[in-house]
Amino acid sequence: MNTFTHNVVVVTGASEGIGRALCEALAPQRPKLVLSARNAERLESLADTCRQAGAEVLVVPGDLTRPGDCHHLVDAAMERFGRLDTLVANAGRTMWARVDEIEDPAIVRDVMELNFFSLVTLTMAALPHLKAAHGRIVPVASIAGLTGVPSRSVYCASKHAVIGFFDSLRIELADTGVTITTICPDFVVTQIHRRALDGHGRPLGETPMQESKIMTAEECAALMIPAMAKRQRLLITSWRGKLGRFLKIVAPGAIDRIAAKAIAERK
Ligand SMILES: NC(=O)c1ccc[n+]([C@@H]2O[C@H](COP(=O)([O-])OP(=O)(O)OC[C@H]3O[C@@H](n4cnc5c(N)ncnc54)[C@H](OP(=O)(O)O)[C@@H]3O)[C@@H](O)[C@H]2O)c1
């Protein structure tokens, strides 16, 4: 038996990137996976792969910026499996634009809708079931949730909001058996960078990253699973992310320079 054998694990943003890699890496432990994203076709192809590896799978397509779809996801998981052990709140999007390039504040609200409000809605819907199961909540934030990053102010704000919300909820849940493992990846090779919104709210279309120099989604998933299993409080996937937490206190100008260099060098 592994930690996630028969564990009912809801993964949002499962169709691509980190969420997909996580599902593929979890599947050999034979969990009961509930896969969520908008693209049903991609979810079905992932479901086939995960079933072949030993998982039971339920596909629940939906747009998590709609509160009704968040509630439907939780209800569908409960109806099919009768319990909910782990919620991996991973779906997210990003934005690459300096503040003075942002055309319309509505773009900011769009990013917050998925990156923050959908996690809150989903968590509130899932919480009674997670309490019953002494379960795990795994919000996927970012190292951009721990420090400022130029041209990522909106994304940073959304991830700071995630970390603040779940740090507070963790204290509220102290006696319930429900734990929160916040994931803070550094850059990962996924489609998120191509889909990033520019200042006009349009996808960049091509990645600004030096992809050969950053972590793969599979590497990120391989770090996440033991952290989730151990109910670790926080996972930071890079040395500069870990260093940054301390530098921010003792030498905040230095961490600003590291963040500026990371964006300038795209890695
Ligand atoms: N990649 C990085 O460098 C990096 C670094 C730090 C943190 N992160 C965080 O890691 C998480 C996963 O990112 P990723 O890099 O794997 O991104 P990705 O490859 O773009 O995947 C994003 C996932 O979210 C889903 N999604 C997007 N909009 C949605 C919506 N409105 N409703 C429901 N699902 C939606 C997408 O599927 P559909 O399009 O099918 O809906 C997709 O499955 C995000 O929270 C991101 O902020 C990523």
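Refer to the structure presented above.
Overview of the structure.

Reading the values: rules and limits
- Sequence positions are assigned chain by chain, starting from 1 and proceeding in written order.
- Selection of residues for local features in this predicted model requires a pLDDT of at least 70, selection of side-chain atom pairs for listing and counting requires 80 or more, and totals for whole chains, interfaces and linings are taken over all residues.
- Excluded from the side-chain calculation are hydrogens and water; included are all heavy atoms of the structure.
- Here a helix means four or more residues in a row that DSSP labels H or I, a strand means two or more in a row labelled E, and each is numbered from the N terminus.
- To get the radius of gyration, use the C-alpha atoms; to get the globule rule, take the number of residues to the power 0.38 and multiply by 2.2 Å.
- Only protein chains enter the accessibility calculation, which uses a 1.4 Å probe. A residue is then buried if its area is under 20% of the maximum for its type, exposed if over 50%, and partly exposed in between.
- Note on contacts: a residue pair is in contact if any heavy atoms of the two residues lie within 4.5 Å.
- All accessible-area figures derive from a Shrake-Rupley calculation using a 1.4 Å probe, and residue coverage is judged against the displayed protein chains alone.
- By nonpolar core we mean a set of buried residues, namely Ala, Val, Leu, Ile, Met, Phe, Trp, Tyr and Cys, connected to one another through side-chain atoms within 4.5 Å.
- The axes used here are C-alpha line fits, helices contributing only the stretch in contact, and every angle between their N-to-C directions lies in the interval 0 to 180 degrees.
- Any angle between 65 and 115 degrees counts as roughly perpendicular, while under 35 counts as roughly parallel, over 145 as roughly antiparallel, and the rest as oblique.
- Each crossing gets its handedness from the near helix: less than a right angle anticlockwise from the far helix is left-handed, clockwise is right-handed.
- Under the scheme applied here, ten amino acids are nonpolar (Ala, Val, Leu, Ile, Met, Phe, Trp, Tyr, Cys and Pro), four are charged (Asp, Glu, Lys and Arg), and all others, including Gly, are polar.

1. As for the overall build of the protein
Scanning the protein from N- to C-terminus turns up nine helices and 10 strands. Taking 2.2 N^0.38 as the reference for a compact globule, 267 residues should give roughly 18 Å; the C-alpha atoms of the protein span a radius of gyration of 18 Å, in line with that estimate. Projected onto its principal axes, the C-alpha positions of the protein cover 50 × 40 × 35 Å. Expressed as a percentage of the 267 residues in the protein, the buried residues total 54%. Long-range contacts, defined as pairs at least 24 residues apart, comprise 71% of the intrachain contacts of the protein with a sequence gap of at least 6. When the accessible surface of the protein is split by element, carbon and sulfur atoms take 53% of a total near 12200 Å².

2. Digging into the nonpolar core
Among the nonpolar cores identified, the biggest contains 39 residues, and Val34 and Ile137 are the most heavily contacted of them. Listed by contribution, the elements that provide at least two residues to this core are strand E1 (8-12), helix H3 (67-81), strand E4 (86-89), helix H4 (105-133) and helix H5 (153-172). With 10 residues, H4 is the largest single contributor of residues to this core. With sequence-adjacent residues up to four places away left out, Val34 is seen in contact with Val8, Val9, Val10, Val11, Leu58, Val60, Leu73, Ala77 and Phe81.

3. Concerning the packing of helix H1 (residues 17-26) against helix H7 (residues 217-229)
Packing of H1 against H7 leaves a shortest axis separation of 8 Å and a crossing angle of 60 degrees. Between H1 and H7, the angle falls in the class oblique. For the crossing formed where H1 meets H7, the hand is right-handed. Contacts between H1 and H7 involve Gly17, Ile18, Ala21, Leu22, Ala25 and Leu26 from the first element and Ala217, Glu218, Cys220, Ala221, Met224, Ile225 and Met228 from the second. Its residues assigned to classes, the contact of H1 with H7 shows 11 nonpolar, one polar and one charged.

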